[in-house]
Amino acid sequence: MDLTHFQDGQPRMVDVTEKPETFRTATAEAFVELTEEALSALEKGGVGKGDPLVVAQLAGILAAKKTADLIPLCHPLPLTGVEVRVELLKEEKRVRIEATVKTKAETGVEMEAMTACAVAALTVYDMLKAASKGLVVSQVRLLHKAGGKSGEWRREQ
């Protein structure tokens, strides 16, 4: 299989000029593993910067909108919907982040969904690092995508 972001060994932004606009959606997730100190701080409402989960949710939405500015060969897309859910899984001592991004465009929104999750997870880290530097961001991954030529794909759990 040829990598579409290279032509004659050189990086390129894939030309999607001739592709039709179709509805596309992608959902991704990420986790932040918490220490006892970070979990305690989170349960008490953060560390003086506000609610880390709400700030992370907003950061994820903004990140989806800025993906083309962060990932060199991504197309800027007209996003029609971005939903970021951030939840504390207290028993597991971790935060789960899920982002779903939608568009009507010539190319998909997988990178936007994963970027939203990654930045939201990093924001949780940033908001809680005063309580503990031992947090771990993990498993930034695509769960589902639909639309476009390649159709639907779903991660098997």
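Structure shown above.
Residues numbered from 1 in each chain as written. Predicted model: local features only at pLDDT ≥ 70, side-chain atom pairs only at ≥ 80, totals over all residues. Heavy atoms only, no water.

### Thoughts on the overall build of the chain
Reasoning step 1: Looking only at helices and strands, one finds four helices and seven strands in the chain.
Reasoning step 2: The secondary structure elements of the chain, listed N-terminal to C-terminal, are β-β-β-α-α-α-β-β-α-β-β.
Reasoning step 3: Counting only C-alpha atoms, the chain reaches 55 × 30 × 30 Å along its principal axes.
Reasoning step 4: The buried share among the 157 residues of the chain stands at 40%. (Helix = DSSP H or I, 4+ residues; strand = E, 2+ residues; numbered from the N terminus. Buried < 20%, exposed > 50% of the residue type's maximum accessible area, 1.4 Å probe, protein only.)

### Section: the nonpolar core
Reasoning step 1: Ranked by size, the top nonpolar core spans 30 residues in total, and within it Val32, Leu34, Val86, Val95, Ile97, Val124 and Leu128 carry the most contacts.
Reasoning step 2: Looking at this core, the elements that each hand over two or more residues are β3 (22-33), α1 (36-43), α2 (52-65), β4 (79-89), β5 (94-105) and α4 (110-128).
Reasoning step 3: No other element matches α4, which puts seven residues into this core.
Reasoning step 4: Each residue touching Val124, except ones within four places of it in the same chain, is listed here: Val32, Pro52, Leu53, Ala56 and Val95. (Core = buried A, V, L, I, M, F, W, Y, C linked by side-chain atoms within 4.5 Å. Contact = heavy atoms within 4.5 Å.)

### Observations regarding the packing of aromatic side chains
Reasoning step 1: Inspection of the entire model under this criterion finds zero aromatic pairs.
Reasoning step 2: The ring of Phe31 is capped by Arg94, whose NZ or CZ atom sits 3.8 Å from the centre of that ring. (Phe/Tyr/Trp six-rings, centres within 6.5 Å; stacked < 30°, edge-to-face > 60°. Lys NZ or Arg CZ within 6 Å of the ring centre and 35° of its normal.)

### Quick look at unusual backbone geometry
Reasoning step 1: Here Lys93, not a glycine, exhibits a phi torsion of approximately 55°, which is positive.
Reasoning step 2: By the secondary structure assignment, Lys93 is in the loop between β4 and β5.
Reasoning step 3: With a phi angle near 50°, Gln139 is a residue other than glycine that sits in the positive phi range.
Reasoning step 4: Secondary-structure assignment places Gln139 in strand β6 (residues 136-146).
Reasoning step 5: Owing to a relative accessible area of 41%, Gln139 belongs among the partly exposed residues under this scheme.

### Re the sheet that holds β6
Reasoning step 1: Ordered by their spatial adjacency, five strands build an open sheet running β4-β5-β3-β6-β7, and the pairing between neighbours is antiparallel. Pairing within the sheet leaves two strands with one partner each, and these edge strands are β4 and β7 (153-154).
Reasoning step 2: The sheet contact formed by β3 and β6 spans eight bridges and is antiparallel. The residue of β6 that forms the bridge with Phe31 is Ser138.
Reasoning step 3: In this fold α4 packs onto β3, β4, β5 and β6, with an angle of close to 25° to the strand it touches most, β3. (Pairing = 2+ DSSP bridges. Axes fitted to C-alpha atoms, helices over the stretch in contact; angles between N-to-C directions.)

### Describing the side chain of Thr100
Reasoning step 1: By secondary structure assignment, the location of Thr100 is in strand β5.
Reasoning step 2: Side chain to side chain, Thr100 and Thr27 meet in a polar contact 2.9 Å long.
Reasoning step 3: Side-chain polar atoms of Thr100 contact the side chain of Arg85, separated by 3.4 Å.
Reasoning step 4: In this view, Thr100 contacts Thr25, Ala26, Thr27, Gly81, Val82, Glu83 and Arg85; residues no more than four positions away in its chain are not counted. (Polar contact = N/O pair within 3.5 Å; in protein donor to acceptor, adjacent residues only side chain to side chain.)

### Brief notes about a nonpolar patch on the surface
Reasoning step 1: On the surface, Leu122, Val137 and Val140 cluster together into a nonpolar patch covering about 220 Å² of accessible area.
Reasoning step 2: Structurally, the position occupied by Val140 is in strand β6.
Reasoning step 3: Among the residues examined, Val140 registers a relative accessible area of 38% and is labelled partly exposed. (Patch = residues over 30% accessible without salt bridge, like charges linked within 9 Å, V, L, I, M, F, W, Y side chains within 5 Å. Areas by Shrake-Rupley, 256 points an atom, 1.4 Å probe, with all protein chains shown as cover. Salt bridge = Lys/Arg side-chain N within 4 Å of Asp/Glu carboxyl O.)

### Here we look at the environment of Gly45
Reasoning step 1: Mapped onto the secondary structure, Gly45 falls in the loop between α1 and α2.
Reasoning step 2: The class for Gly45 is partly exposed, based on a relative accessible area of 40%.
Reasoning step 3: With residues near it in sequence (within four places) discarded, Gly45 still touches Gly50, Asp51 and Pro52.

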